[in-house]
Amino acid sequence: MKRLLAYEVREPNEGHCVIVFATNNAAARREGGSELDCEFGEVEHCRRRPHFDQYAPAGQYRRSC
């Protein structure tokens with residue numbers, strides 16, 4: 001199982017961003033984009049933010065496929 005990592009996902013139009021916890025960049029971009037109401041390709045950037053890893057939900061892991 002993989003540990004959840006923190007990612008900052010930003011949308012281009014209004015500059016809003018969210019921190020999401022996911023196992024990889026693609027999953028974070030998909031989840032964050034959904035939360036920001038934009039498509040996968042519309043996300044301005046999706047960057048790791050390791051200093052937020054400590055806030056990942058305790059005991060939550062994602063199984064790798």
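All values reported here derive from a predicted model rather than from experimental measurement.

**Student:** Could you clarify how one ought to interpret the sheet that holds strand E3 (residues 17–22) in this entry?
**Tutor:** Each strand in a sheet pairs with its neighbour through backbone hydrogen bonds, running either in the same direction (parallel) or in the opposite one (antiparallel). Ordered by their spatial adjacency, 3 strands build an open sheet running E3-E2-E4, and the pairing between neighbours is antiparallel. The strands lining the two open edges of the sheet, one partner per strand, are E3 and strand E4 (45–48). Strand-to-strand twist of the sheet, defined as the mean angle between neighbouring strand axes without regard to direction, takes the value 30°. Pairing geometry for strand E2 (residues 5–10) and E3, over 6 bridges, is antiparallel. Bridge pairing in E3 links Val-9 to Val-18. Contacts from helix H1 (residues 25–35) reach E2, E3 and E4 within the one sheet, and its direction differs from that of E3 by about 135°.

**Student:** Any chance you could explain the pattern of salt bridges here in plain terms?
**Tutor:** One side chain can pair with another of opposite charge once the charged atoms of both are near each other. The full count for this structure, using the stated rule, is 3 salt bridges. A salt bridge links Arg-10 to Glu-8; the shortest N-O distance between them is 3.8 Å. The exposure class of Arg-10 is partly exposed, given its relative accessible area of 21%. Take Glu-8: its relative accessible area is 10%, and that puts it in the buried class.

Basis of the calculations
- Residues numbered from 1 in each chain as written.
- Predicted model: local features only at pLDDT ≥ 70, side-chain atom pairs only at ≥ 80, totals over all residues.
- Heavy atoms only, no water.
- Pairing = 2+ DSSP bridges.
- Helix = DSSP H or I, 4+ residues; strand = E, 2+ residues; numbered from the N terminus.
- Axes fitted to C-alpha atoms, helices over the stretch in contact; angles between N-to-C directions.
- Contact = heavy atoms within 4.5 Å.
- Salt bridge = Lys/Arg side-chain N within 4 Å of Asp/Glu carboxyl O.
- Buried < 20%, exposed > 50% of the residue type's maximum accessible area, 1.4 Å probe, protein only.

Honestly, that's just the spatial picture; any functional story needs more than this.
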